[in-house]
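# Structure at a glance
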2 protein chains.
Amino acid sequence: MTLINTVSQKLSSMVKKSGKARVIISNVSPQIEEGTFPAKSVIDESVIIAADIFSDGHDVLYAEVLIKHDKDRRWQAARMEHLGNDKWEVAVPMEKTGFYKFKLQAWIDHFTTWQLGLQKKHAAGQDIALELKIGAELVEKAMGKAASKDKAQLKKLAAVLKSEDVNNALEIAMSHELASLMHNNADTSNATLYPKVLTIEAERKKAGFSSWYEFFPRSAAVTPGKHGTFKDAEKLLPRVAEMGFDVLYFPPIHPIGESKRKGRNNALEAGPDDPGSPWAIGSKHGGHKAIHPELGSLKDFKSLVKAADSQGIEIALDIAYQCAPDHPYVKEHPQWFKWRPDGSVQYAENPPKKYEDILPINFESEDWENLWEELKSVLDYWIAQGVSIFRIDNPHTKAFPFWEWAIASIREKHPEILFLAEAFTRPRLMERLAKVGFNQSYTYFTWRNTSEELIEYMEELTQTDSRYIFRPNFWPNTPDILPPHLTYGGENAHILRVLLAGTLSSNYGIYGPVYEFGINTPHPSKEEYIDNEKYELKHWDWGKETRIKEIITMLNKIRKDNPALQTTWNFVRGYSSNENLLCFGKYDKASGNTIIVAANLDPYHTQQGMVSFPVEKLGLSSNFTIKDLLSGDTYEWHAGDNYVALNPYDMPMHIFEVIK
Amino acid sequence: MTLINTVSQKLSSMVKKSGKARVIISNVSPQIEEGTFPAKSVIDESVIIAADIFSDGHDVLYAEVLIKHDKDRRWQAARMEHLGNDKWEVAVPMEKTGFYKFKLQAWIDHFTTWQLGLQKKHAAGQDIALELKIGAELVEKAMGKAASKDKAQLKKLAAVLKSEDVNNALEIAMSHELASLMHNNADTSNATLYPKVLTIEAERKKAGFSSWYEFFPRSAAVTPGKHGTFKDAEKLLPRVAEMGFDVLYFPPIHPIGESKRKGRNNALEAGPDDPGSPWAIGSKHGGHKAIHPELGSLKDFKSLVKAADSQGIEIALDIAYQCAPDHPYVKEHPQWFKWRPDGSVQYAENPPKKYEDILPINFESEDWENLWEELKSVLDYWIAQGVSIFRIDNPHTKAFPFWEWAIASIREKHPEILFLAEAFTRPRLMERLAKVGFNQSYTYFTWRNTSEELIEYMEELTQTDSRYIFRPNFWPNTPDILPPHLTYGGENAHILRVLLAGTLSSNYGIYGPVYEFGINTPHPSKEEYIDNEKYELKHWDWGKETRIKEIITMLNKIRKDNPALQTTWNFVRGYSSNENLLCFGKYDKASGNTIIVAANLDPYHTQQGMVSFPVEKLGLSSNFTIKDLLSGDTYEWHAGDNYVALNPYDMPMHIFEVIK
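Everything numeric in this text was worked out from a predicted model, so none of it was measured.

The rules behind the values
Residues numbered from 1 in each chain as written. Chains lettered and ligands numbered in written order. Predicted model: local features only at pLDDT ≥ 70, side-chain atom pairs only at ≥ 80, totals over all residues. Heavy atoms only, no water. Patch = residues over 30% accessible without salt bridge, like charges linked within 9 Å, V, L, I, M, F, W, Y side chains within 5 Å. Areas by Shrake-Rupley, 256 points an atom, 1.4 Å probe, with all protein chains shown as cover. Salt bridge = Lys/Arg side-chain N within 4 Å of Asp/Glu carboxyl O. Helix = DSSP H or I, 4+ residues; strand = E, 2+ residues; numbered from the N terminus. Expected span 1.5 Å × (residues − 1). Buried < 20%, exposed > 50% of the residue type's maximum accessible area, 1.4 Å probe, protein only. Arc of directions from axis to C-beta. Contact = heavy atoms within 4.5 Å. Phe/Tyr/Trp six-rings, centres within 6.5 Å; stacked < 30°, edge-to-face > 60°. Lys NZ or Arg CZ within 6 Å of the ring centre and 35° of its normal. Polar contact = N/O pair within 3.5 Å; in protein donor to acceptor, adjacent residues only side chain to side chain. Axes fitted to C-alpha atoms, helices over the stretch in contact; angles between N-to-C directions. Parallel < 35°, antiparallel > 145°, perpendicular 65-115°, else oblique. Left-handed = near helix turned anticlockwise from the far one by under 90°. Nonpolar A, V, L, I, M, F, W, Y, C, P; charged D, E, K, R; others polar. Pairing = 2+ DSSP bridges. Buried area = accessible area lost by both parts, 1.4 Å probe. Least-squares fit on C-alpha atoms with pLDDT ≥ 70 in both.

Turning next to a nonpolar patch on the surface. Together, A:Tyr488, A:Tyr604 and A:Tyr649 give the surface a local cluster of nonpolar side chains, amounting to about 410 Å² of exposed area. With respect to the helices, strands and loops of the structure, A:Tyr488 is situated in helix 14 (residues 484-504).

Shown next, in the form of structure tokens:
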């Protein structure tokens, strides 16, 4: 069909160009939406580029990837390997952040085809004199385009192939020297070039390995009843750093709407002292570029960002593109909202539910260009204040084309900026957000409990094309979600779920300090915390030590020490005779680091059984020594079944490092 | 990434155009090689067009396919249905042969969104007065672009919505009349149009339903030892028609090479009376446009084609693009071959094997344009003589770009021409031939024997995207292949395999009369017939009746009578307690015809067991009456397990028609 319109009595110029190119290149991977979006990777990862490559007949092919970083001038060639059944691949290392372009080309390798034929004919005792002369012709043909040094050598070798001394000629024919010269001077005039140039984005390390901690800065005050400030929050940085987190994420820090403000437990009317929800953004004090006055000044915020940086922590800001009724935008840009016949602005709703404290932005506004620019300028503003990570609130309720443009525009200037998509929604929407540029995504992990559910989800995330776009960030809880297993499983479940999050996924996070304090009283009618911090100030005993906190600290240290836990893509499922035991492994080939995990998913009872792991995929020999990084105990294990018993009151998980 | 290059300080015109289009259309199917090739169908089939379609937020969407036959002027709209999880689809009927183009568009359906919200608010007892006014605004907005008749009616209904009579307004709001008017005048200015126009080819019926019979016309003579002719073959047409076949396929009918001719059983030297292989094409008598003198004249051939046509049979010619050493091309177009240093032409080889009677064509010839034109002219020549079906010999050893061009060029003028690809090779090559235009393909069926193998293969063929390109044609034997199960299983296996071929696949064929005669003596070292007809004249007793022949005749009648057997795509696997029992069903919704098959794959022993079928997929109720179309026996069956026992000496298969 590509050709049908170009065919007349004589062949068209388009066909003419490719008529002798016999090789087909198809099914190239990674390739997101046919090349519309880049495949994701992080620096120092190797990306496997694969394709179906074949030709008519039985000739030997040569295939290569040509790859180049956007900032480089030259394309580098990487030879592809034939894995069988016409599947070819090569692993290319991502050496610096930014965008890599790649293309593929392949051609018939006539010289190697001849070499293999010669070898088989000789082995079968056939006369090879004529074959050697055919080879000499190939070599002489290659001389045509060769540089003078190669030309002289090719001439010499062609002469040997044509000589009467068949044994000597055969030796030269099969020599590495000749093969190498012939490859360097290969005739690629009939090569097939894959018609698309595809893109891989190599992001900074933290895109793929990060440990998030969320707290409300307004609850950071030492004195009960006092509104916490950035200065108070700054004093908590050592606590966050000691626990081993490297991203500290705050709910929105902007002025909170006063009109239609929600009270405690989402009450429709706020009391006079109710601070309101930080997600109801904007008041007379300003909008998305302003700071809630009670938190402090911009100077305080910048000081906090700087102090965090010195302790290895990045501050992540929550950006929620929605407005309280008293947000300045409403008066300044009424065209960005939907207006009702009674002169009021349309608030958010999911009929019959109403969210009168929130006005959604109308992405179908006729003035959408100014709207887009203004929304992006919010990100630019905070980037200028030192913010490098954004957690975007409900991005799936804002138009996808906006994100595609905004993220690409920002990353063009600031490739280090990371975006986490807070979208707990349908699979296709979450996938699209990842495609249009979000670096990390919240996931369904929060509701995956059984070993079957967890394994299926992990394999979907890591062993399908999803892995080139959707980078999971596992959260056992959030201010919006207190899942039932944390309510019913108590401390044991809190320990289990954070250990699962931090070992299954290289990106994970918790909302604290409720998590490490084991607070788990639910709202009577929702899977949410009662007396939710979203609607009130809390006073926490930040100095309190708990078992959960101690184990989180161990977990983060284990993650830092073990490269195998610093990527999600190396997940390998294990097998157990007991469905309450989840087992999996992770292997980092470069460092040789292997981690094996066995977890008891039952927070109430000891579970025991046999577990086994695919030793080959995990770089293991048939006998190996493992050390539990949580307990310090060592064991001798072997390929096949090994016995495990886990008492959840003791520790719900083994995290074994393979030590030899 | 699509946008990154277009972004400057102000948004580019490209973004401008799509900025308000909030709907995303993705993962559109069928789509072959990203739309490079058409998806295949046959006339009267319905093709399911599917896509992922979604938007931000919770608005209701409207999605439609626009489809148009190449010869038509107007696009027809087909409303897509939302199946859930953002998957949408619609079945579009193929009403005439040729190429259909289709595209997709979708938009936010603001009216329906409002309608549903109104309904929910009303149900929750909320005040809907303001809501009704919002609806009136939507209706008034729609008036803007409406035709005058619609405009007047919309105005009237808007007035009702705005009136004080809320009950009346509500009734109008929810009315079909308003919904229909609003749909007809929907605002699609923010619609998303999928950027590609895709193609479906609707082929003639025989592309999807055909019964092939192959014989060597040179073995058609009545007198032993005499070379058969087209006239002899013409006399055999009633036999072919009575057996129920509708395609009669001949091995190549061209002059057979004399130089390096092969003798009986592929002997390197032919005896003086050896006729040679018909696949060694070309001699002093001509090449691919000539007829082997001993078969008769062009006039005889045309007479045969005409006689066949009058009996419902089409003649399929074998086209093998290769030359005997004395083919006229070698002298006339030496540039189309590879020449060796000793002045000889390179013959075909697969080292260390040599095929000295065959010269392959060099598709890397500098003169490839004239070569392509000449090769295509061979097809054009035989089309002009009345041939409408070609069985192409080893197409995977000729360049794929040639086929892509040649088949598209021919089908542009002659959409009725069918091509069967004789490629028993690796999956990607067979798939590519189907993509570039072959209508039917030989398959791995010949070597699939167990129920597991057969079911897996059938599901791969029918329940993956393969079904839109690769149309299988099942052959139990060919002149090149006598599979071991026919050798060992004798008559029982011959009956079983032809029944399987003709019920699993709507396209099938046999090489006769060896098949119906049950001839099965193998070559001692190959899975091929001894004293192969490829290298010698045979004298057959064409009048001989056999049980195999009788059953083939029944099979072809059953296929003609039952629409469910006239497509391959409706295959539904069944389940059996005995792995020797293969069971499956086929259902034709349009006619209500259901066929259920149970086969004993063991040619030696009676096998019995329980079998069950997915009744819903087969249009069955919980109790149904079936009639075995081979034995005439009827049974009462039910959803769930039913008992079957099959004695292969009696009949290895039940072909049940569901009669009520």
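Two residues of an α-helix separated by three or four positions point the same way, owing to the 3.6 residues in each turn. Residues and elements named next belong to chain A. An ideal rise of 1.5 Å per residue puts 18 Å on 13 residues; helix 8 (residues 298-310) measures up with 19 Å between its terminal C-alpha atoms. For helix 8, the full list of buried residues reads Asp300, Phe301, Leu304, Val305, Ala307 and Ala308. Angular distribution of buried residues about the axis of helix 8 spans 165 degrees; they occupy a single face of the element. Pointing more than 90 degrees away from the buried face of helix 8 are the exposed residues Lys299, Lys306, Asp309 and Ser310. Residues of helix 8 that are buried sit in contact with helix 7 (230-243), strand 12 (247-250), strand 13 (314-319) and helix 10 (368-384).

The description of two aromatic rings rests on the distance between their centres and on the angle between their planes. One pass over the full model with this rule turns up 80 aromatic pairs over all chains. Geometrically, the ring pair formed by A:Phe301 and A:Trp382 is edge-to-face, given 5.4 Å between the ring centres and 80 degrees between the ring planes. Taken together, the residues span a long stretch of sequence, with A:Phe301 in helix 8 and A:Trp382 in helix 10 at a distance of 81 residues. With a centroid separation of 5.4 Å and 90 degrees between ring planes, the pair formed by B:Phe424 and B:Trp447 is classed as edge-to-face. Of this pair, B:Phe424 sits in the loop between strand 19 (418-422) and helix 12 (427-435) while B:Trp447 sits in the loop between strand 20 (440-441) and helix 13 (451-462); the two residues are 23 residues apart in sequence, bridging distant segments of the chain. Exposure remark for B:Phe424: the relative accessible area of 24% places this residue in the partly exposed category. Taken together, the ring pairs connect A:Tyr321, A:Phe363, A:Trp368, A:Trp372, A:Phe390, A:Phe402, A:Trp403, A:Trp405, A:Phe419 and A:Phe438 into an aromatic cluster. The lysine or arginine in question, B:Arg448, covers the ring of B:Tyr457, its NZ or CZ lying 5.3 Å from the ring centre. A cation sits over an aromatic face here: B:Arg497 above B:Phe445, 4.1 Å from the ring centre.

Once that is clear, we can look at the environment of A:Ser219. Residues and elements named next belong to chain A. Topologically, serine 219 is positioned in the loop between strand 11 (210-214) and helix 7. The class of serine 219 is buried, set by a relative accessible area of 0%. Once residues within four sequence positions are removed from consideration, serine 219 is found in contact with Glu533, Leu537, Lys538, Trp540 and Trp542. Among the polar contacts made by the side chain of serine 219, one reaches the main-chain amide nitrogen of lysine 538 at a distance of 3.1 Å.

In this section: helix 5 (residues 166-173) of chain B. All names here are of chain B. Buried within helix 5 are the following residues: Ala169, Leu170, Ile172 and Ala173. Burial along helix 5 is one-sided: seen end-on, the buried residues are contained in an arc of 160 degrees. Those residues of helix 5 that are exposed and aimed more than 90 degrees away from the buried face are Asn167 and Glu171. Looking at the packing, one finds that the buried side of helix 5 touches helix 2 (110-123), helix 3 (129-143), helix 4 (148-162) and helix 6 (176-184).

Before going further, it helps to spend a moment on the pattern of salt bridges. For the structure shown, the criterion picks out 82 salt bridges over all chains. Between A:Glu140 and A:Lys162 there is a salt bridge whose closest N-O contact spans 2.5 Å. Separated by 22 residues along the polypeptide, A:Glu140 in helix 3 (residues 129-143) and A:Lys162 in helix 4 (residues 148-162) bring together distant segments of the chain. Overall, A:Lys162 belongs to the partly exposed group, its relative accessible area being 39%. A salt bridge links B:Lys538 to B:Glu536; its shortest N-O distance comes to 3.3 Å. Note on B:Lys538: relative accessible area 19%, which makes it buried. Owing to a relative accessible area of 5%, B:Glu536 belongs among the buried residues under this scheme.

All names here are of chain B. Put simply, helix 4 and helix 5 touch, their axes get as near as 7 Å, and they point 135 degrees apart. The angle between helix 4 and helix 5 places the two elements in the oblique class. For the crossing formed where helix 4 meets helix 5, the hand is left-handed. Here helix 4 contributes Leu157, Val160 and Leu161 to the contact with helix 5, which in turn contributes Asn168, Ala169, Ile172 and Ala173. Tallied by class, residues from the contact of helix 4 with helix 5 come to six nonpolar, one polar and no charged.

Residue and element names in this part refer to chain A. With antiparallel pairing, six strands are arranged side by side in an open sheet as 22-24-25-30-27-28. Single-partner strands in this sheet number two, and they are strand 22 (572-573) and strand 28 (634-638). Two strands pair when backbone bridges link them, and strand 24 (residues 581-588) and strand 25 (residues 593-600) are joined in this way by eight bridges, in the antiparallel orientation. Across the sheet, residue glycine 585 finds its bridge partner in strand 25, namely isoleucine 596. Where helix 13 (residues 451-462) meets the sheet, its contacts fall on strand 22 and strand 24, and the angle it forms with strand 24 comes to roughly 25 degrees.

For the rest of this paragraph, the subject is the packing of helix 10 (residues 368-384) of chain B against helix 11 (residues 400-413) of chain B. Each packed pair of helices is defined by two parameters, the angle between the axes and the distance between the axes. All names here are of chain B. It is the contact of helix 10 with helix 11, at a shortest axis distance of 10 Å, that shows an interaxial angle of 40 degrees. The two elements helix 10 and helix 11 cross, and the hand of that crossing is right-handed. Only Pro401, Phe402, Trp405, Ala406, Ser409 and Ile410 of helix 11 make contact with helix 10, whose side of the interface consists of Trp372, Glu373, Leu375, Lys376, Leu379, Asp380 and Ile383. Class assignment of the residues belonging to the contact of helix 10 with helix 11 gives a composition of nine nonpolar, one polar and three charged.

All names here are of chain A. Note that glutamine 153 resides in helix 4. A relative accessible area of 21% places glutamine 153 in the partly exposed class. If near-sequence neighbours (up to four positions away) are discounted, glutamine 153 is found in contact with Glu177 and Leu181.

Let's shift gears to the interface of chain A and chain B. Opposite the 83 residues of chain A that make contact, chain B presents 83 residues. Summed over both partners, the interface of chain A with chain B comes to about 7,400 Å²; 58% of that surface belongs to carbon and sulfur atoms. Inspection of the region where chain A meets chain B yields 12 salt bridges. Applying the counting criterion to the chain A and chain B interface returns 18 residue pairs in polar contact (both at pLDDT 80 or more). Ranked by residue count, the leading element in the side of chain A that touches chain B is helix 11 (residues 400-413) of chain A, at eight residues. Its residues assigned to classes, the side of chain A that touches chain B comprises 30 nonpolar, 20 polar and 33 charged.

Before going further, it helps to examine the sheet that holds strand 11 (residues 210-214) of chain B. Residues and elements named next belong to chain B. Taken in spatial order, the seven strands of this open sheet run 20-19-18-13-12-11-21, and their pairing is parallel. The outermost strands of the open sheet, each flanked by one partner alone, are strand 20 and strand 21 (507-511). Alignment of strand 13 (residues 314-319) against strand 18 (residues 389-393), held across four bridges, turns out to be parallel. Residue pairing in the sheet places alanine 316 in a bridge with isoleucine 389 of strand 18.

Another point: the relation of the copies chain A and chain B. Note on the identical chains: chain A maps onto chain B by a rotation of 180 degrees and an axial translation of 0.0 Å, with an RMSD of 0.1 Å. On the angle and the small slide along the axis, the relation comes out as a two-fold axis. Measuring from the rotation axis to each C-alpha of chain A, the shortest distance belongs to A:Glu34, at 3.7 Å.

Turning to the pairing of strand 28 of chain A, a few remarks are in order. Side-chain direction in a regular strand flips from residue to residue, so the side chains alternate between the two faces of the sheet. Residue and element names in this part refer to chain A. Of the strand pairs in this sheet, strand 27 (residues 623-628) and strand 28 are connected by five bridges, and their pairing is antiparallel. Among the inter-strand pairings, isoleucine 626 is bridged to a residue of strand 28, identified as tyrosine 635. What sits between the antiparallel neighbours strand 27 and strand 28 is a turn of five residues, in which glycine 632 has the positive phi angle 85 degrees.

As a further point, take unusual backbone geometry. A cis amide bond links A:Gly512 to the next residue, A:Pro513, at an omega of -5 degrees. Position of A:Pro513 relative to the elements: it lies in the loop between strand 21 (507-511) and helix 15 (547-561). Here the residue pair B:Ser29 and B:Pro30 is connected by a cis peptide bond, since its omega of 0 degrees sits within 30 degrees of zero. With respect to the helices, strands and loops of the structure, B:Pro30 is situated in the loop between strand 1 (23-29) and strand 2 (39-42). Positive phi outside glycine occurs at A:Asn27, with the angle close to 55 degrees. Tracing the chain through its elements places A:Asn27 in strand 1 (residues 23-29). Positive phi, close to 40 degrees, is recorded for A:Asn394, a residue that is not glycine. With respect to the helices, strands and loops of the structure, A:Asn394 is situated in the loop between strand 18 (389-393) and helix 11.

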